[in-house]
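# Remarks on the overall topology
As a plain string of letters, each chain reads:
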Amino acid sequence: MKEIFPGVFKDGKILYTINLTPGTRIYGEKLIKKDAEFREWAAQRSKLAAAIMKGLKTLPVKHAASVLYLGASTGTTVSHISDIAGKEGAVYAVEFSERVFRNLLDLAKQRRNIVPLLADARKPDEYPWVEKCDVLYCDIAQPDQTEIAMRNFDGFVEEGYLLLVVKSQSIDVVKEPKKVYEEEKKKLEESGFDVLELIDLEPYEEKHAMIVAKK
Ligand code: SAM
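In this report, we go over the structure that sits alongside the text. (Residues numbered from 1 in each chain as written. Predicted model: local features only at pLDDT ≥ 70, side-chain atom pairs only at ≥ 80, totals over all residues. Heavy atoms only, no water.)

### Re the pairing of strand β10 (residues 161–167)
Counting buried residues in β10 gives five out of seven residues, a clear majority hidden from the surface. Summarising the sheet, strand β9 (residues 135–138) and β10 pair through four bridges and their orientation is parallel. Bridge pairing links leucine 136 to leucine 162 in β10. Once you follow β9 into helix α4 (residues 145–156) and on to β10, the crossover reads as right-handed. Strand direction decides the pairing type here: β10 and strand β12 (residues 208–214), joined by seven bridges, are antiparallel. Residue lysine 167 lies in a different strand from β12, and its bridge partner there is histidine 208. (Buried < 20%, exposed > 50% of the residue type's maximum accessible area, 1.4 Å probe, protein only. Helix = DSSP H or I, 4+ residues; strand = E, 2+ residues; numbered from the N terminus. Pairing = 2+ DSSP bridges. Right-handed = clockwise from strand over helix to strand, strands pointing away.)

See the structure below:
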């Protein structure tokens, strides 16, 4: 098992994080006990894991980092970010679907570094108490996802990193995905972001890319 980023491990083609709550599975993932308990992080289940498998160079999610996460869903990726950030870190997890939010609440009961927020990412005024964060992670599959991400970044990060999942089908169903990715990248650059990486997530996620940007 090799540590490829602080808190992220790789064994062959499989990624792991160290389980913050040993003995507990979040979504049926494999647990492996060595000197610590490792949780399998499947690239087929998490776009951040897919980006790492596709050669991501900059992982701004680190120990003690504070992360604003838009589109938390049931918390699959949130749980691995929670492992990496550790007890000194915080993951503010925004989700507007009540149905999946219930799972997120259960997850936050086990993991004290997750703050679940039932709110619309289009309305950052609904969560004004979120502290200044180091990283914004956005995976909301909306046509205006980049604009929503930028608004939240200006409100809660200002200077730091953006990890933006671009689902080309949510933006334009007929346009070539690569063209959509380039257009979203250009929007970020025109708003003062330095785009560090644009990673196509195929074959793990069809018609999705991850953009890593910094301001
Ligand atoms: N990031 C998750 C993961 O890796 O485990 C998967 C996210 S899923 C593709 C997109 C999620 O974003 C859905 O759960 C959806 O309800 C949520 N969502 C979409 N638009 C939203 C908005 N405006 N505000 C908050 N959540 C939103």
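### Re the sheet that holds strand β4 (residues 31–33)
What the five strands build is an open sheet, ordered β1-β2-β3-β5-β4; its pairing is antiparallel. The sheet is open, and its two borders are formed by β1 (2–5) and β4, each paired with just one other strand. Averaged over neighbouring strand pairs, the angle between their axes works out to 40 degrees when direction is ignored. The pairing of strand β2 (residues 8–11) with strand β3 (residues 14–18) spans four bridges and is classified as antiparallel. By the bridge assignment for β3, phenylalanine 9 is matched with tyrosine 16. With respect to the sheet, helix α2 (residues 76–85) is in contact with β2, β3 and β5 (37–41), its orientation differing from that of β5 by roughly 145 degrees. (Axes fitted to C-alpha atoms, helices over the stretch in contact; angles between N-to-C directions. Contact = heavy atoms within 4.5 Å.)

### Digging into the sheet that holds β10
With mixed pairing, seven strands are arranged side by side in an open sheet as β8-β7-β6-β9-β10-β12-β11. Edge positions in the sheet fall to β8 (114–118) and β11 (194–200), since each of these pairs with one other strand and no more. Taken over all neighbouring pairs, the strand axes of this sheet differ in orientation by 15 degrees on average, direction set aside. One ladder, built from five bridges, connects strand β7 (residues 90–95) with β8; its direction is parallel. Bridging from a neighbouring strand, glutamate 95 pairs with leucine 118 of β8. Sitting on the sheet, helix α3 (residues 98–110) touches β7 and β8, and the angle it makes with β8 is about 160 degrees. The strands touched by α4 are β6 (66–70), β9 and β10; relative to β10, the strand with the most contacts, the crossing angle is about 165 degrees.

### Considerations on the packing of aromatic side chains
The tally for this structure, following the rule as stated, stands at five aromatic pairs. Between phenylalanine 9 and phenylalanine 38, the aromatic rings sit 5.1 Å apart at their centres with planes inclined by 80 degrees, giving edge-to-face as the arrangement. With phenylalanine 9 in strand β2 and phenylalanine 38 in strand β5, this pair connects stretches of sequence that are 29 residues apart. Each of the two residues, phenylalanine 9 as well as phenylalanine 38, counts as buried. With a centroid separation of 4.8 Å and an interplanar angle of 70 degrees, the aromatic rings of phenylalanine 153 and phenylalanine 193 are classed as edge-to-face. (Phe/Tyr/Trp six-rings, centres within 6.5 Å; stacked < 30°, edge-to-face > 60°.)

### What about the nonpolar core?
Trp41, Leu48, Tyr137 and Met210 are the most contacted members of the largest nonpolar core, which has 37 residues in total. Sorting the residues of this core by element identifies α1 (47–53), β6, α2, β7, α3, β9, β10 and β12 as the ones contributing at least two each. Take this core: its biggest share by element is six residues, from α1. Those residues within four positions of tyrosine 137 in sequence are excluded, and the remaining contacts are Lys47, Leu48, Val67, Leu68, Tyr69, Leu70, Thr77, Ile81, Leu163, Val165 and Met210. (Core = buried A, V, L, I, M, F, W, Y, C linked by side-chain atoms within 4.5 Å.)

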